[in-house]
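Topology and contacts: notes
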Amino acid sequence: MLVSGPLLAPDHALSRALVRSVPDSVTERLSDLGNVPVAVPVLVLAMAYAARRGRALAAGAAGLAMALVPALVIPFKAWTARPGPLEPWAAGYFPSGHTATAAVAYLGAALLVRPYTRRAWPTAAALVLTGATAVGLVLRGWHWPLDVLASLLMCTLLLLGVAWVDRADWLSRRSKRRSSG
């Protein structure tokens with residue numbers, strides 16, 4: 001599917017239409033939002049906040065999800081050896097590690113912080129940061145659109161795991177409070 005197939009032609013056509021349509025100085029900054037030194041500290045702060053507020057399991061699940069990002073992305077990159085849009089001689093562009101890092105860091109942080117705000121802004125901010133990273137990577141020509149989409153789909157599963165652990169922990173704590181009080 002990454003070498004030939006029905007999705008490859010639209011992927012290439014979309015990439016050709018979008019790459020370098022925005023100045024590199026802008027798209028590089030957007031892409032940088034998915035760098036580990038930028039995105040991971042956001043998640044670490046949210047994990048510390050959630051753990052301090054009694055949601056250590058959810059914080060741990062978010063940390064595990066982030067640890068799983070390279071464990072999933074790196075083997076896929078090696079297995080597919082997909083070349084990049086601007087570097088056909090290079091390999092390892094599928095899926096996008098920057099998009100995966102951004103998605104798990106920002107959306108994971110939103111999952112951990114949102115219950116305390118009772119507002120939608122953490123989720124909205126996380127979606128904007130993740131989307132900006134993905135768009136920046138495609139517009140700069142560092143990734144094909146399908147590389148980014150694959151990362152988002154992969155991370156959805158990781159984030160659903162975080163949400164499931166958080167929900168199960170909440171139900172457990174609620175049940176304990178009811179039985180003791």
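In what follows, the accompanying structure is described. Quantities reported herein were computed from a predicted structural model and do not represent experimental measurements.

Looking only at helices and strands, the chain features 7 helices and 0 strands. In sequence order, the chain lays out its α and β elements as α-α-α-α-α-α-α. For the chain, the spread of C-alpha atoms along the three principal axes comes to 65 × 30 × 25 Å. The proportion of buried residues among the 181 residues of the chain is 41%. Partitioning the contacts of the chain with sequence separation of at least 6, the portion at a separation of at least 24 is 75%. Of the roughly 9800 Å² that the chain leaves accessible, carbon and sulfur atoms contribute 70%.

Moving on, we get to the side chain of Arg55. Along the polypeptide, Arg55 turns up in the loop between helix 3 (36–52) and helix 4 (56–80). A distance of 3.3 Å separates the side chain of Arg55 from the backbone oxygen of Leu111, its partner in a polar contact.

Membership of the largest hydrophobic core comes to 30 residues, with the highest contact counts inside it found for Leu43, Met66, Val69, Ala100, Val104, Leu112 and Cys155. The set of elements that each furnish at least two residues to this core consists of helix 3, helix 4, helix 5 (97–117) and helix 7 (145–180). Top contributing element to this core by residue count: helix 5, with 11 residues.

A word on the side chain of Thr80. Among the secondary structure elements, Thr80 is positioned in helix 4. Of the residues examined, Thr80 reaches a relative accessible area of 16% and is grouped as buried. From its side chain, Thr80 meets the backbone oxygen of Phe76 in a polar contact 2.9 Å long.

In this section: the pattern of salt bridges. A full pass over the atoms with the stated rule returns 7 salt bridges. As a salt-bridge pair, Asp24 and Arg20 come within 2.9 Å of each other at their nearest N and O atoms. Taking the relative accessible area as the measure of exposure, Asp24 reaches 23% and is therefore partly exposed. Judged by relative accessible area, which is 45%, Arg20 ranks as partly exposed. With its nearest N and O atoms 2.7 Å apart, the salt bridge here joins Asp147 to Arg82. One end of the pair, Asp147, is in helix 7; the other, Arg82, is in the loop between helix 4 and helix 5, and 65 residues separate them in sequence. Overall, Arg82 belongs to the buried group, its relative accessible area being 3%. When salt bridges that share partners are traced, they join Arg20, Asp24, Glu28 and Arg140 into one network.

What counts as what
Residues numbered from 1 in each chain as written. Predicted model: local features only at pLDDT ≥ 70, side-chain atom pairs only at ≥ 80, totals over all residues. Heavy atoms only, no water. Helix = DSSP H or I, 4+ residues; strand = E, 2+ residues; numbered from the N terminus. Buried < 20%, exposed > 50% of the residue type's maximum accessible area, 1.4 Å probe, protein only. Contact = heavy atoms within 4.5 Å. Areas by Shrake-Rupley, 256 points an atom, 1.4 Å probe, with all protein chains shown as cover. Polar contact = N/O pair within 3.5 Å; in protein donor to acceptor, adjacent residues only side chain to side chain. Core = buried A, V, L, I, M, F, W, Y, C linked by side-chain atoms within 4.5 Å. Salt bridge = Lys/Arg side-chain N within 4 Å of Asp/Glu carboxyl O.

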